Amino acid sequence: MAAPSSQTSEARWQIVAGLFTRWCDGDRAALDELVRTSTPALWHLVRAYGLDRHSAEDVVQTTWMALVRNRDRIEDAQAVTAWLATTARREAWRVAKDASRQTVTDEETVADALPAGVPVDEQVQVADESRRLWNTVRRLSHRCQRLLRVIAFEDRPDYRRLASELEMPVGSIGPTRGRCLDKLRVLLDEEAGV
């Protein structure tokens, strides 16, 4: 099974390198395809740092903006995938570190910053539940984490691509997802003391 994965990985690097080269040669559509091809992987990489959806979106966008600004500095198109991953990791780490330094403010300041009609306690509860959920997801196996992130954040996941990346048959994605969700429920129940 290891050979197909390395072939798939090499093929992906080749595709990204080819798209990057075409974009540098003036093909604007190649950048759109490059973003479409690589964003799901960047998204999963960034979410692994425990960022909320909004922060993760900002980090991925910042990564793409950095590529646009620095494309002339990338001499080897084969290095683009690694460059994107490194840039996304560094930015995600920076954002996660900054988020942990946030200071507590008084209730009136928090209330003023929220949209009208959204109770502060509800916002705090949702944020806490989201944090607990993603902390618990990180306790699952790498395969379960990857599968649940794709299912959760891609509107129409490409099951063939996902099956190839996870080295599993397409038909086993649904049952595996069910087992992963069951494991997640058990961990969440344990944490809640149920």
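The name given to the protein chain in an unreviewed UniProt entry is Sigma-70 family RNA polymerase sigma factor, with the source organism recorded as Solicola gregarius. Recorded under Sequence similarities (unreviewed entry), the UniProt text for the protein chain is reproduced unchanged: "Belongs to the sigma-70 factor family. ECF subfamily."

**Focus: the nonpolar core**
Among the nonpolar cores identified, the biggest contains 42 residues, and Phe20, Leu34, Val46, Leu51, Trp64 and Leu67 are the most heavily contacted of them. Secondary structure elements with two or more residues in this core: α1 (2-24), α2 (28-47), α3 (53-70), α4 (80-100), α6 (120-137), α7 (142-153), α8 (159-166) and α9 (173-192). Ranked by residues supplied to this core, first place goes to α2 with 7 residues. If we ignore the near neighbours within four places in the chain, the residues touching Phe20 are Leu34, Leu67, Arg71, Ile74, Ala77 and Val80.

**Let's talk about the packing of α2 against α7**
Orientation of α2 relative to α7, taken along the N-to-C sense of each, is 115 degrees, at an axis distance of 11 Å. Like other packed secondary-structure pairs, α2 and α7 cross with a definite hand, here right-handed. Residues Trp43, His44 and Arg47 of α2 form the contact with α7, whose own contacting residues are Arg146, Arg149, Val150 and Phe153. Here the residues of the contact of α2 with α7 sort into 3 nonpolar, 1 polar and 3 charged.

**Examining α8**
When α8 is considered as a whole, its buried residues turn out to be Leu162, Ala163 and Leu166. Taken around the axis of α8, the buried residues stretch over an arc of 100 degrees, which confines them to a single face. Contacts from the buried residues of α8 go to α7 and α9. With its phi angle positive at about 55 degrees, Glu167 sits one or two positions after the end of α8.

**A word on the side chain of Ser38**
Following the sequence through the fold, Ser38 ends up in helix α2. Excluding its chain neighbours within four sequence positions, the residues that come into contact with Ser38 are Val16, Trp64 and Leu84.

**Quick notes on the state of the cysteines**
Under the counting rule described, the total for this entry stands at 1 disulfide. Here Cys144 connects covalently by a disulfide to Cys180, the sulfurs 2.1 Å from one another. When the S-S torsion is -75 degrees, as for the bridge of Cys144 with Cys180, the disulfide is left-handed. Placement of the pair is Cys144 in helix α7 and Cys180 in helix α9, with a sequence separation of 36 residues.

**A look at the packing of aromatic side chains**
Two aromatic rings are characterised by how far apart their centres lie and by the angle between their planes. All told, the structure shown has 1 aromatic pair when counted by the stated rule. Here Phe20 and Trp23 contribute two aromatic rings whose centre-to-centre distance is 5.9 Å and whose plane-to-plane angle is 65 degrees, an arrangement assigned as edge-to-face. Highlighted residues: Phe20 and Trp23, both in helix α1, separated by 3 residues, approximately one helical turn. Over the aromatic face of Trp134 sits the side chain of Arg47, whose NZ or CZ is 4.5 Å from the ring centroid. Looking at Arg71, its charged tip hangs above the ring of Trp23, at a distance of 4.5 Å from the centre.

The rules behind each value
Residues numbered from 1 in each chain as written. Predicted model: local features only at pLDDT ≥ 70, side-chain atom pairs only at ≥ 80, totals over all residues. Heavy atoms only, no water. UniProt positions renumbered as here; feature names shortened; annotations may be inferred. Core = buried A, V, L, I, M, F, W, Y, C linked by side-chain atoms within 4.5 Å. Buried < 20%, exposed > 50% of the residue type's maximum accessible area, 1.4 Å probe, protein only. Helix = DSSP H or I, 4+ residues; strand = E, 2+ residues; numbered from the N terminus. Contact = heavy atoms within 4.5 Å. Axes fitted to C-alpha atoms, helices over the stretch in contact; angles between N-to-C directions. Left-handed = near helix turned anticlockwise from the far one by under 90°. Nonpolar A, V, L, I, M, F, W, Y, C, P; charged D, E, K, R; others polar. Arc of directions from axis to C-beta. Disulfide = S-S within 2.5 Å. Phe/Tyr/Trp six-rings, centres within 6.5 Å; stacked < 30°, edge-to-face > 60°. Lys NZ or Arg CZ within 6 Å of the ring centre and 35° of its normal.

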